Amino acid sequence: MRLKYSCLAAVLLLLLIATVALASINQFAGSWTNVDPNTRGITGLDIAAEGTFANVQGWGKCQPIDCDWGTVPAQAFASSISSDLASGADTLIAVFDGGFSETTLVIKPAGNRLNVDSYDRFKDNSGRSNYMSSYTFQKAQAPESTIPGGAAPGGISPGNIGPGGVIPGSAPALIDLTGAWNCDDGGKYYVRQLGTIVWWYGEQDPGYPSWSNVMRGTISGNMINADWTDVPKGSVMQNGNLVLQITSNNKLVAISKTGGFSGSVWTR
Amino acid sequence: MKVILSLATACLMMLISISTCTASLSQFAGDWTNVDSNTGGITTLGIGISGSSASVQAWGKCHPTDCDWGAVPAYSFGPDVSSDPVNQAQALMAVFDAGFSETTLFIKPQGNRLSVQSYTRFKDSSGRANYESSYVFQKSPSISATGLIAEVKPLQQFNKLQTLPLMATFENKP
């Protein structure tokens, strides 16, 4: 009888440890699916992690296909002020601003799953009540190693990065993006990297382009946060923000775009 | 043995229902003290409720007296989009911006206590790690006229009844 109680206690202890154990930031990385296939809330999460940085992409239940909430940077939290966030992160917080509402996700590992508390608050004075929801996510299929064919809703692929969302063998210090690049929007981009600052001039055609733009961004980890604007060599006049992921020294992938930017993948 | 197991199950069910039950917004109101008197984090919370609005004031551990973080508006969250924010609030979220850092509190009722998750992120590129903390708060002993002290006051006054007129006379002297 004593043996049974001891075993039971050991199992409970293990369960407790698995639930509250410290997690590395890589433990969050990957594609995650809500364990409740009938959820009316968040259906999927894609989390990319590198160093102490993480990005979260969310999908909400929509018809006929789920709604892509886009990708936002997430804040990682550890148990103490002196912790190493890369190896000790045990919570991610990601805030999605939908304009009329704002959703804050508090994401914690629970064994090999994720527990997610979602706090939705409305900013449109519509009278709708702020509400909270809790979800459990499990790992979806392993990330693909290449982009083609694997596009997620919204046309942005979570693929093209190694298992765990980490870029294999590409330290930011070794990155030099300076050069001429081609983009899947048909344009040519002339990139100059000065330390952690990146500039480009891009155009649809070297003669009489329909659009031409300039960009200035800052490298942080494997991400580039940038502002871009069209310039009047072309006729289109738009501007916005870009978040680019440096998937290798020869490849950039847009994970967030505003202002109507059409390009998504740059190679050279 | 069966009885013990049944009782244990019932207790667990009660505990779960207490932890997850829907709370009214007024349940958050009041002054709250960290049950851990040795905390190095948040020592006290003061939560004010007015209609469907809430505000949270916090104090952090400081020497010689605790640091007042000030009062900020808090968002309340119900169980769904059509819930009554006054009578079905399940959580409050309050964000304190200290300039170099930002602390977000998620506050939930837990029986007659409050469970608080605190997330502090640094914005000053100091290299300090963002960190989280968990706290439990209990209602502070009230010093208002309707609180604990007021209940014992009549007894004290009764004992001093005969001296009161004299004191009053003395105090009223020019």
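**A word on the overall build of chain A**
For chain A, the helix and strand inventory stands at two helices and 16 strands. Taken over 268 residues, chain A has a buried fraction of 37%. Pairs at least 24 apart in sequence give 37% of the contacts found in chain A among residues at least 6 apart.

**A look at the overall build of chain B**
Helix and strand counts for chain B stand at three helices and eight strands. For chain B, the N- to C-terminal ordering of α and β elements is α-β-β-β-β-β-β-β-β-α-α. Residues counted as buried form 26% of the 174 residues belonging to chain B. A fraction of 32% describes how many contacts in chain B between residues 6 or more apart in sequence connect residues 24 or more apart.

**A few points about the nonpolar core**
One broad trend across soluble globular proteins is that nonpolar side chains are buried collectively. Membership of the largest hydrophobic core comes to 63 residues, with the highest contact counts inside it found for A:Ile47, A:Ala54, A:Leu92, B:Val56, B:Leu92 and B:Met93. Apart from residues no more than four positions distant in its own chain, B:Leu92 is found in contact with B:Phe28, B:Ala54, B:Val56, B:Ala74, B:Tyr75, B:Ser76 and B:Ile107. By size, the runner-up hydrophobic cluster in this structure holds 22 residues, among which are A:Met223, A:Ile224, A:Ala226 and A:Leu244.

**Focus: the interface of chain B and chain A**
Each partner contributes to the interface: chain B provides 21 residues, whereas chain A provides 20 residues. No other element matches the three residues that strand β4 (residues 67–77) of chain B contributes to the side of chain B that touches chain A. Of the residues that constitute the side of chain B that touches chain A, the class distribution is 11 nonpolar, six polar and four charged.

**Quick word on the sheet that holds strand β2 (residues 42–50) of chain B**
Taken in spatial order, the eight strands close into a barrel running β1-β2-β3-β4-β5-β6-β7-β8 (chain B), and their pairing is antiparallel. Within the sheet, the average angular offset between the axes of one strand and its neighbour, ignoring direction, is 30°.

**A word on the sheet that holds strand β10 (residues 188–194) of chain A**
Residues and elements named next belong to chain A. The antiparallel closed barrel is built from eight strands, whose spatial order is β9-β10-β11-β12-β13-β14-β15-β16. When strand polarity is set aside, the average angle formed by the axes of neighbouring strands in this sheet is 30°. In this structure, β10 lies alongside strand β11 (residues 197–203), joined through seven bridges in antiparallel fashion. By the bridge assignment for β11, Arg192 is matched with Trp199.

**Let's talk about the confidence of the model for chain B**
Residue and element names in this part refer to chain B. Scored by pLDDT, chain B comes out at a mean of 79, with 68% of its residues at no less than 70. Between residues 14–21, whose pLDDT stays under 50, and residues either more than four places distant or in other chains, the model counts two contacts. Segment residues 144–174: pLDDT under 50, and six contacts once partners within four positions in sequence are set aside and those in other chains are kept. The ipTM assigned to the predicted complex is 0.71, against a pTM of 0.58.

**Digging into the pairing of strand β5 (residues 91–97) of chain B**
Residues and elements named next belong to chain B. The buried count for β5 comes to five of seven residues, which makes it a mostly enclosed element. Sheet analysis places β4 next to β5, joined by four bridges and oriented antiparallel. Note on β5: the bridge partner recorded for Tyr75 is Met93. In this structure, the hairpin formed by β5 and strand β6 (residues 101–110) is closed by a connection of three residues, where Gly99 is found at a positive phi of approximately 90°.

**Some remarks on the pairing of strand β7 (residues 113–122) of chain A**
Residues and elements named next belong to chain A. Inspection of the sheet shows strand β6 (residues 101–110) paired to β7 by 10 bridges, in the antiparallel sense. When the bridges of β7 are listed, Leu105 appears paired with Ser118. Between the antiparallel neighbours β6 and β7 lie two residues, among them Gly111 with a positive phi of about 65°.

**Comments concerning the environment of B:Tyr119**
Following the sequence through the fold, B:Tyr119 ends up in strand β7 (residues 113–122). The spatial distance from the C-alpha of B:Tyr119 to the C-alpha of B:Glu102 is 8.1 Å, given a sequence separation of 17 residues. Other than its neighbours up to four places away in sequence, B:Tyr119 contacts A:Phe77, A:Thr91, A:Ile93, B:Thr103, B:Thr104 and B:Glu132.

**Brief notes about the environment of A:Gly88**
Looking at the element boundaries, A:Gly88 is found in helix α2 (residues 85–88). In this structure, the C-alpha to C-alpha distance between A:Gly88 and A:Ala78, residues 10 residues apart in sequence, is 5.5 Å.

**Side note on the environment of A:Asn222**
All names here are of chain A. Looking at the element boundaries, Asn222 is found in the loop between β12 (212–220) and β13 (223–230). Among the residues examined, Asn222 registers 24 C-beta atoms within 10 Å and is labelled buried. Asn222 sits 171 residues away from Gly51 along the chain, and the two C-alpha atoms are 8.8 Å apart.

**Structural notes on unusual backbone geometry**
Cis geometry marks the peptide bond from A:Gln63 to A:Pro64; its omega dihedral reads 0°. Note that A:Pro64 resides in the loop between β3 (53–60) and β4 (67–77). That bond from B:His63 to B:Pro64 is cis: its omega, 0°, falls within 30 degrees of zero. Looking at where B:Pro64 falls in the secondary structure, it is placed in the loop between β3 (53–60) and β4. You will see that A:Asn125, though not glycine, has its phi angle at about 55°, which is positive. Structurally, A:Asn125 is set in the loop between β7 and β8 (131–139). The phi dihedral of B:Ser125 falls on the positive side, at around 55°, and the residue is not glycine. Considering the arrangement of structural elements, one finds B:Ser125 in the loop between β7 and β8 (131–139). Residue B:Ser125 is classed as exposed on the basis of its 7 C-beta neighbours within 10 Å.

Reading guide: rules and limits
Residues numbered from 1 in each chain as written. Chains lettered and ligands numbered in written order. Predicted model: local features only at pLDDT ≥ 70, side-chain atom pairs only at ≥ 80, totals over all residues. Helix = DSSP H or I, 4+ residues; strand = E, 2+ residues; numbered from the N terminus. Buried ≥ 20, exposed ≤ 12 C-beta atoms within 10 Å, placed from the backbone. Contact = placed C-beta atoms within 7 Å. Core = buried A, V, L, I, M, F, W, Y, C linked by C-beta atoms within 7 Å. Nonpolar A, V, L, I, M, F, W, Y, C, P; charged D, E, K, R; others polar. Pairing = 2+ DSSP bridges. Axes fitted to C-alpha atoms, helices over the stretch in contact; angles between N-to-C directions. pLDDT = per-residue confidence, 0-100.

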